[in-house]
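Listed below, chain by chain, are the residues.
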Amino acid sequence: MSDPKFIEPEQLERWFQRLDQLLFHYRAFWQLQPFHCCEMAWRDSHPQLCELLDALTDEEILELETDHIALINLLSPWLEDAKALAELAELPALEARELTLPPRTDYGIPGRKWQQILAFAGTVPQSQKPLLEWCAGKGHLGRVFALADQRSITSLEWQQSLCKDGEELAKRAHVDMQFVHCDAFSPQAAGYIASDNHAVALHACGDLHTSLMRHWSLQQGGRISVSPCCYHKLQGEAYQPMSISAQQGQLRLNKSDLKLPLQETVTAGAGVQRHRQTELLWRMAFDEWQRDVRGVDEYLPVPNVRKSLLTESFTEFVRWAAECKQLPVPTTLEEDRWLALGQQRLENVKRMELVMHLFRRPLELWLVLDRALYLQEQGARVALGEFCEKHLTPRNIFIHAERI
Ligand SMILES: C[S@@+](CC[C@H](N)C(=O)[O-])C[C@H]1O[C@@H](n2cnc3c(N)ncnc32)[C@H](O)[C@@H]1O
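Scope of this entry: the structure provided in the associated data block. Numbering of residues starts from 1 in each chain and follows the order in which that chain's sequence is written. The predicted origin of the model limits local features to residues at a pLDDT of at least 70 and limits the giving and counting of side-chain atom pairs to 80 or more, whereas totals for whole chains, interfaces and linings rest on all residues. Heavy atoms from the whole structure form the basis of all side-chain values; hydrogens and water molecules are not counted.

### Some thoughts on the overall build of the protein
(1) Moving on: Strands here are runs of E lasting at least two residues and helices are runs of H or I lasting at least four, both read from the DSSP assignment and numbered beginning at the N terminus. Counting secondary structure elements, the protein contains 14 helices and seven strands.
(2) Moving on: In terms of overall dimensions, the protein has a C-alpha envelope of 65 × 45 × 35 Å along the principal axes.
(3) Moving on: For the exposure calls, accessible area comes from a 1.4 Å probe over protein chains only, and a residue counts as buried if that area is under 20% of its type's maximum, exposed if over 50%, partly exposed in between. Taking all 404 residues of the protein together, 52% fall into the buried category.
(4) Moving on: Within the protein, counting contacts between residues at least 6 apart in sequence, those at least 24 apart form 72% of the total. What makes two residues a contact is simply this: any of their non-hydrogen atoms within 4.5 Å.

Here it is as structure tokens:
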């Protein structure tokens, strides 16, 4: 992004208002947890929609998951604003400049991560201002800026061992980098933000990137570029909107709503997918079993399972889950019966998630616009876009702001 295209303040506001209105209007279609539902959530309110969903084959569902236009066309009779929502979630693809780097700068960095770093660094507007790298890990991103633009870099990171590794890597590369072992939430961390530096955060989770934005506004920071991720990683249960516009908006979100934008996994291989399918089926079948045993028609969350258990039997899985939840551990189990009930639940979940797909990116945009409006309210002009294609990372949104 050699020359950021800043958005007009009123346009940002209108964009947010329209999204807020539509997401609120259609909330019954996405603000729910399909795993908790024994039936398709809209069976009574929209029986014809449910009939249509029931009739879809596995192949058709798979196709619709990747063909957004076909999905919009299919569901438009019930969701007449589906196309408008998709348009509201569109962002421009930002152009990244080519960075000139010495050979082997990617030493020790996995391929996909390296591509993300190059795309993000190339998108940040070029300048000579000192750069603050927020939640830096080993400082790979900062090192790229130091090598490409000879900028002075401060990399702030909570894990001491990562700071040490980062210092080693900086020494190897002969670059000027200062590692600060510090908690991003602390006042000390805020002290590294200044009006003449540029704060960057690539994939700082949840509260970590919002804390940077809050510190930035308090410290009257100069420039900031962030790619948000893991919106649900926050301290409380309810989402606290950052901007006045979102605080006054209609939508109220909780932690589980915030997981919706992240449900797009482009990176999982076939083996992982197979395990995931088994795990989902067993979890659903266990849920049917536990409702019967407890006599309580309510979802019971089960902790993360060790992957090796998924290669054993369903009965073993139920024994483990029952023990975790202090339920009577069965000696034998009618596996076929519970698995058939679990399979039916899974079929419903797949279909509900298909409908929810339409709302993932619009919800992510709502969250991003909340951040952008906050920065605007704090006296900045803001540019937005995608810094890489989705196959590199679905968390590809770039928020850039400069104090006016
Ligand atoms: C998802 S990683 C991103 C690392 C790097 N920006 C990148 O894209 O490769 C998040 C980083 O934040 C660091 N972190 C977590 N909590 C933190 C805190 N409270 N203060 C500072 N850093 C923190 C983690 O140790 C980790 O290195």
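### Focus: the sheet that holds strand 7 (residues 397–403)
(1) Moving on: Strand pairing is assigned whenever DSSP identifies at least 2 bridges connecting the two strands. As summarised here, the arrangement of the seven strands in space is 3-2-1-4-5-7-6, forming an open sheet in which the pairing is mixed. In the strand order of this sheet, the two ends are held by strand 3 (177–181) and strand 6 (380–386), each with one partner. Strand-to-strand twist of the sheet, defined as the mean angle between neighbouring strand axes without regard to direction, takes the value 15°.
(2) Moving on: In terms of strand pairing, strand 6 meets strand 7 through seven bridges, oriented antiparallel. Considered in strand 7, the bridge of A380 is made with R403.
(3) Moving on: Docked against the sheet, helix 8 (residues 160–173) engages strand 2 (153–157) and strand 3, running at close to 175° with respect to strand 3. To get an axis, a line is fitted to the C-alpha atoms, and for a helix only the part in contact is used. The angle between two axes follows their N-to-C directions and goes from 0 to 180 degrees.

### Examining the nonpolar core
(1) Moving on: Buried residues of nine kinds, namely Ala, Val, Leu, Ile, Met, Phe, Trp, Tyr and Cys, make up a nonpolar core once their side-chain atoms join them within 4.5 Å. Counting 77 residues, the largest nonpolar core has W15, W42, F359, W366, L375 and L384 as the members making the most contacts within it.
(2) Moving on: Counting residues per element, this core draws most heavily on helix 14 (residues 335–377), at 16 residues.
(3) Moving on: The residues contacting F359, other than those within four sequence positions of it, are L23, Y26, F29, W30, L79, L85 and L260.

### Observations concerning the site of the ligand
(1) Moving on: A cutoff of 4 Å decides nearness: a residue is near a molecule or strand if any of its heavy atoms lies inside that distance of it. Around the ligand, 15 residues are found, and the nearest of them are K113, E157, D183, A184 and L202.
(2) Moving on: Definition of a polar contact: a pair of N or O atoms within 3.5 Å, with one able to donate and the other able to accept a hydrogen when the atoms are protein atoms, and with sequence-neighbouring residues admitted only if both atoms are side-chain atoms. One of the side-chain nitrogen or oxygen atoms of Q159 is found 3.0 Å away from an oxygen atom of the ligand.
(3) Moving on: Protein coverage of the free-state accessible area of the ligand, which is 590 Å², stands at 77%.
(4) Moving on: Gly counts as polar in this scheme, as do all residues outside two lists: the nonpolar Ala, Val, Leu, Ile, Met, Phe, Trp, Tyr, Cys and Pro, and the charged Asp, Glu, Lys and Arg. For the shell around the ligand, a count of residues per class yields nine nonpolar, three polar and three charged. Note on areas: Shrake-Rupley with a 1.4 Å probe; residue coverage comes only from the protein chains shown.

### Quick notes on the environment of L310
(1) Moving on: Examined against the element boundaries, L310 turns out to sit in the loop between helix 12 (270–294) and helix 13 (314–324).
(2) Moving on: Relative accessible area serves as the criterion here: at 6%, L310 is assigned to the buried category.
(3) Moving on: The spacing of L310 and W282 is 28 residues in sequence and 8.8 Å in space, taken between C-alpha atoms.
(4) Moving on: In this structure, L310 is in contact with H275, T278, E279, W282 and V305, ignoring residues within four places of it in sequence.

### A word on the packing of helix 6 (residues 111–123) against helix 7 (residues 140–149)
(1) Moving on: Taken N-terminus to C-terminus, the directions of helix 6 and helix 7 make an angle of 50°; their axes are 10 Å apart at the nearest point. Taken together, helix 6 and helix 7 sit at an angle that is classed as oblique. Where helix 6 crosses over helix 7, the two elements pack in a sense that is right-handed. Residue-level inspection shows W114, I117, F120 and A121 of helix 6 in contact with helix 7, the latter providing H140, L141, V144 and F145. Roughly parallel refers to an angle under 35 degrees, roughly antiparallel to one over 145, roughly perpendicular to one between 65 and 115, and oblique to any angle outside these ranges. Note: crossing handedness is left-handed where the near helix turns anticlockwise from the far helix by less than a right angle, and right-handed where it turns clockwise.

Worth remembering: the numbers are spatial, not functional.
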